[in-house]
Amino acid sequence: MDEPIFDCLIVGGGPAGLTAAIYLARFHLDILVVDGGKSRAAWIPCTRNHAGYPEGIEGEELLRRMREQACKYGAKIETEFATKLERDKDTGIFTATWGSGEAIARTVLLATGITNRRPPMDEELHDLALSRGLIRYCPICDGYEVTDMRIGVIGSDSHGVAEALFIRSYTADVTLVAPDKALSLKPEDNAKLRQAGIECVDGPAQAVALTGDCITVDTAEGHFTFDSIYPALGSDTHTQLGEMVGAKLAGDGCFLCDDHQRTSVPGLYAAGDVVHGLDQISHAMGEGGVAATTIHNDLCAEKPRWREPVQELVGAEDET
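Residue numbers restart at each chain and count upward from 1, following the sequence in its written direction. Reporting of local features is limited, given that this is a predicted model, to residues whose pLDDT is at least 70; pairs of side-chain atoms are given and counted only at 80 or more, and all residues count toward the totals for whole chains, interfaces and linings. Hydrogens are left out, water is left out, and the side-chain values use all remaining heavy atoms of the structure.

**Q** Describe the overall build of the chain, and please don't skip the residues or the numbers.
**A** A count of helices and strands for the chain gives nine helices and 16 strands. Principal-axis analysis of the C-alpha atoms places the extent of the chain at approximately 90 × 45 × 35 Å. In this scheme, a residue with accessible area under 20% of its type's maximum is buried, one over 50% is exposed, and one in between is partly exposed, where area comes from a 1.4 Å probe on protein chains only. Taking all 320 residues of the chain together, the buried fraction comes to 44%. For the chain, the share of sequence-separated contacts (at least 6 apart) that also reach a separation of at least 24 residues comes to 59%. In the form shown here, the chain has an accessible surface area of approximately 16800 Å², with 50% of it arising from carbon and sulfur atoms. Separation of charge centres in the chain, based on 28 positive and 50 negative side chains, amounts to 3 Å. The helix and strand labels rest on DSSP assignments: H or I over at least four residues marks a helix, E over at least two residues marks a strand, and numbering proceeds from the N terminus. For this analysis, residues touch if any pair of their heavy atoms sits within 4.5 Å. The Shrake-Rupley method, run with a 1.4 Å probe, gives the accessible areas here. Residue values count only the displayed protein chains as cover. Charge counting treats Lys and Arg as positive and Asp and Glu as negative, with His and both chain ends excluded. To locate a charge, take atom NZ for lysine, CZ for arginine, CG for aspartate or CD for glutamate.

**Q** Summarise the packing of aromatic side chains; cite the residues concerned and give the values.
**A** Aromatic rings from Phe, Tyr and Trp, with only the six-membered ring used for Trp, were paired whenever their centres fell within 6.5 Å, and each pair was classed as stacked if the ring planes differed by under 30 degrees, edge-to-face if by over 60, and tilted otherwise. Evaluation of the coordinates by the stated rule reveals four aromatic pairs. With 6.4 Å between their ring centres and 80° between their planes, Tyr23 and Phe27 make a pair best called edge-to-face. Looking at Tyr23, the relative accessible area reads 38%, which means it is partly exposed. The class of Phe27 is partly exposed, set by a relative accessible area of 27%.

**Q** Give a detailed account of the nonpolar core, specifying residues and quantitative values.
**A** Nonpolar cores were defined as sets of buried Ala, Val, Leu, Ile, Met, Phe, Trp, Tyr and Cys residues, with membership established by side-chain atoms within 4.5 Å. Core analysis: the biggest nonpolar cluster contains 23 residues, and Leu9, Val11, Leu32, Leu85, Val108, Leu110 and Leu268 have the highest contact counts within it. Listing elements by their share of this core, those giving two or more residues are β1 (5-11), β2 (31-34), β5 (94-98), β6 (101-110) and β16 (268-270). In terms of residues, this core owes the most to one element, β6, which gives four residues. If we skip the residues at most four places from it in the chain, Leu32 touches Phe6, Cys8, Leu9, Ile10, Lys76, Ile77, Glu78, Trp98 and Ala103. In terms of nonpolar packing, the next biggest core, distinct from the first, is built from 22 residues, Ala25, Leu29, Ile31 and Ile295 among them.

**Q** Break down the sheet that holds strand β13 (residues 222-226) for me, with residues and values.
**A** DSSP calls a pair of strands paired once it identifies at least 2 bridges connecting them. What the three strands build is an open sheet, ordered β11-β12-β13; its pairing is antiparallel. Looking at which strands have only one partner, the edges of the open sheet turn out to be β11 (206-211) and β13. Adjacent strand axes in the sheet meet at a mean angle of 25° when their direction is disregarded. Two elements, strand β12 (residues 214-219) and β13, share five bridges in a ladder whose sense is antiparallel. Bridged to Asp218 within β13 is His223. Where helices are involved, their axes are fitted lines through C-alpha atoms of the stretch in contact, as for all axes, and angles between N-to-C directions lie from 0 to 180°.

**Q** Outline the side chain of Arg136, listing residues and values.
**A** Note that Arg136 resides in the loop between α3 (123-131) and α4 (139-142). When sequence neighbours within four positions are dropped, the list of residues in contact with Arg136 reads Asp142, Glu145, Val146, Ser228, Ile229, Tyr230 and Pro231.

**Q** Could you give an account of the pattern of salt bridges, naming the residues involved and the relevant values?
**A** Salt bridge, as applied in this entry: a Lys or Arg side-chain nitrogen positioned within 4 Å of an Asp or Glu carboxyl oxygen. Scanning the entire structure with this criterion turns up 16 salt bridges. Across the pair Arg262 and Asp298 runs a salt bridge, and its minimum N-O distance is 3.0 Å. Placement of Arg262 in the loop between α7 (240-244) and β16 and of Asp298 in helix α8 (residues 281-302) is noted, with a sequence separation of 36 residues between them. Taken together, the shared-partner salt bridges connect Glu61, Arg64, Arg65 and Glu68 into one network.

**Q** Before we move on, can you summarise the state of the cysteines with the specific residues and values?
**A** The term disulfide is used for any two cysteine sulfur atoms that are within 2.5 Å. Within the structure shown, the criterion is met by one disulfide. Bridging Cys138 to Cys141, the disulfide has an S-S length of 2.5 Å. Between Cys138 and Cys141 the disulfide shows an S-S torsion of about 70°. By sign, it is right-handed. A relative accessible area of 23% places Cys141 in the partly exposed class.

**Q** Can you break down the side chain of Ser228 residue by residue, with the values?
**A** Among the structural elements, Ser228 can be located in strand β14 (residues 228-231). Given a relative accessible area of 1%, Ser228 falls into the buried group. Two N or O atoms form a polar contact when they lie within 3.5 Å of each other; inside protein one atom must be a possible hydrogen donor and the other a possible acceptor, and for residues adjacent in sequence the pair counts only when both atoms belong to side chains. Among the polar contacts listed, one links the side chain of Ser228 to the backbone oxygen of Gly133, at a separation of 3.0 Å. What Ser228 contacts, discounting residues up to four positions off in sequence, is Gly133, Leu134, Ile135, Arg136, Val146, Arg150, Ile151, Gly152 and Ile215.

**Q** I'd love a proper account of the sheet that holds strand β8 (residues 150-154), names of residues and values included.
**A** Reading across the sheet, the four strands line up as β10-β9-β8-β14 and stay open at both edges, with parallel pairing between neighbours. The sheet is open, and its two borders are formed by β10 (199-201) and β14, each paired with just one other strand. When the angles between neighbouring strand axes are averaged without regard to direction, this sheet yields 25°. Bridge analysis of β8 against strand β9 (residues 173-177) gives five bridges, and the strand direction is parallel. Bridge assignment links Gly152 to a residue of β9, and that residue is Thr175. Where helix α5 (residues 158-167) meets the sheet, it contacts β8, β9 and β14, and its direction lies at approximately 165° from that of β8.

**Q** If you had to explain the pairing of β1 to someone new, which residues and values would you point to?
**A** Of all seven residues in β1, six are buried, a share of seventy percent or more. Sheet topology places β1 next to β2; four bridges connect them, and they run parallel. Among the inter-strand pairings, Leu9 is bridged to a residue of β2, identified as Leu32. A right-handed crossover is one whose linking path, passing over the helix from the first strand to the second, runs clockwise when the strands point away from the viewer. Running through helix α1 (residues 15-26), the crossover from β1 to the neighbouring parallel element β2 is right-handed.

Structural data, given as structure tokens:
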């Protein structure tokens, strides 16, 4: 038998990809989600700013519910890491490959996200600190939780300065720590930090211990203990699959998309953190919904998908 052609292949099982999967499955499309299990949402011990969960919800639990919802309506999910994407120039059909197999599809949605760069520290210590809220990556998500606490921001460029200033609206005790060497900031950044009362500490910095509900950072100026630290070291955007088929990138390294999540390659769409915008669960879900609706409409524009009439069953009494 010939290999089936999916209407849409979704690469990435985070909030954007799974929202799209729910929409597309309910559009009666044949879809497959390929998820490498690396969604940043799974890192979240408890998100409390996601609407509808006043007591908060664990990131992994949110993803589990979304997977269950997508599968309920017919979506298929493979736990695989896609490593290659090709597009036939004549037919426009895509082929995605991973370790144990491949899939072909009329359209592809890339919801591959980004990865935050970690501070220099032991990996097990990092994961434990993250689970306890001693390391945090998103002050927009959880700045409320660190109100009036002692906070360290590890970063040395304008990104680190911006994050320290953002957190300053939650607490008066903010310290900017250089990750690898002495801080080298623009005069205007130094002025902003002084005005905000943010202390600056030279690196190199390494988180070395968890003590009670605190985390200790070793720096060139000695040990500093914080209630939580925010690494502001940038991130890596996962655009490799799109680049394999010629998708254009914006100046910030994200996919260049139109207002309907179409990339520069026909049939290829992108949503979530891999597209420029606010890196938030709610924003990713919104883009997933937009992308799914666009995919549905674009497929229908190529070939109408009229629903066949329901055939009524003839009862035994009607046969006599």
